Amino acid sequence: MQVNIVKAAIFCVVLLFLMSTRSYSIVEFADYPNDPRFYTQWGFEQPNDADVDVITAWEMVKDKPQSEVVVAVIDTGVDRTHRDLANRLAPGYDFVYDDANPTDILFPHGTPIAGIIAAEKNNNYSVVGLAGDMPVKIMSLRVYSTLELLNLIPDRGIRFSS
């Protein structure tokens, strides 16, 4: 009887070890990006697992066929010369100046938002976007300039100081 209990206990320990090893195997052998600020992106991978598990997600889709996805960033525009975004941009539109140059000029907001979504992975520069290696393009739709926003603030009763 005691031998069976010991065998059962050993079996349970081995089973738990195998289950825990299997659940982490995707991340343990994953290729982490060489983008130097990847580790400061708190929402991607955290030791306490308060994140989106982006490495696991990238590993799960790595060898699967993928179609290009275009994500519209409706904001202050996107800097078309930014190293992390230059290869990730689809044609966009500037509704402020009614032209095809939706560039984020002063006090950029749209550029960092586009970076969170699709900054190029493994270019040894800055951060990486959630899209990783997936074929994602950003369509910048500039609907206001930052100066227009600053002019709207007093109209909305908001006070600020610098």
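Residue positions are given per chain, counted from 1 along the sequence in the order it is written. Given that this is a predicted model, residues contribute local features only at a pLDDT of at least 70 and side-chain atom pairs are listed and counted only at 80 or more, while totals for whole chains, interfaces and linings are drawn from all residues. Each side-chain value is worked out from all heavy atoms of the structure, with water and hydrogens disregarded.

Caption draft 1: Geometry of the pairing of strand β2 (residues 89–94). Strand pairing is defined by DSSP finding a minimum of two bridges between the two strands. Counting from the N terminus, the helices are DSSP H or I runs at least four residues long and the strands are E runs at least two residues long. Here β2 runs beside strand β3 (residues 136–142); their pairing, made up of four bridges, is parallel. Residue pairing for β3: D94 is matched across the bridge by R142. When the strands point away from the viewer and the connection leading from the first strand across the helix to the second strand turns clockwise, the crossover is called right-handed. Where the polypeptide runs from β2 across helix α3 (residues 110–118) and back to β3, its parallel neighbour, the crossover connection is left-handed.

Caption draft 2: The arrangement of α3 in detail. Relative accessible area decides the class of each residue, using a 1.4 Å probe on protein chains only: under 20% of the type maximum gives buried, over 50% gives exposed, and in between gives partly exposed. All of the buried residues along α3 are G110, T111, A114, G115 and A118. The buried side chains of α3 occupy one side of the element, clustering within an arc of 140 degrees when seen end-on. Buried residues in α3 make contact with β1 (69–75) and β3. Here, the arc refers to the directions that run from the helix axis to the C-beta atoms. In what follows, a contact means two residues having at least one pair of non-hydrogen atoms within 4.5 Å.

Caption draft 3: Highlighting the side chain of Q41. Position of Q41 among the secondary structure elements: in the loop between α1 (2–28) and α2 (54–61). The exposure class of Q41 is buried, given its relative accessible area of 12%. The contacts of Q41, once residues within four sequence positions are left out, are V127 and V128.

Caption draft 4: The nonpolar core, seen in detail. Within this scheme, the nonpolar core is defined by two criteria: the residues are buried Ala, Val, Leu, Ile, Met, Phe, Trp, Tyr or Cys, and they are joined through side-chain atoms within 4.5 Å. Counting nine residues, the largest nonpolar core consists of V73, V78, L85, L89, A114, A118, A131, V136 and I138. If you list the elements that add at least two residues to this core, you get α3 and β3. Residue contacts for I138: discarding those within four places in its chain leaves V71, V73, V78, R88, L89, A90, A114, I117 and A118. The next biggest cluster of nonpolar side chains, apart from the first, holds six residues, and it includes V54, I55, W58 and V128.

Caption draft 5: Structural context of the packing of aromatic side chains. The rule is short: rings of Phe, Tyr and Trp, with Trp giving its six-membered ring, pair when the centres are within 6.5 Å, and they are stacked under 30 degrees, edge-to-face over 60, tilted in between. Under the criterion given, the structure shown has six aromatic pairs. Seen in terms of ring centroids, Y32 and Y39 are 6.4 Å apart; in terms of plane orientation they differ by 20 degrees. Their pairing is stacked. Judged by its relative accessible area of 57%, Y39 falls in the exposed class. Centroid distance F38 to F44: 6.2 Å. Interplanar angle 50 degrees. Geometry classified as tilted.

That's the geometry; what it means functionally is another story.
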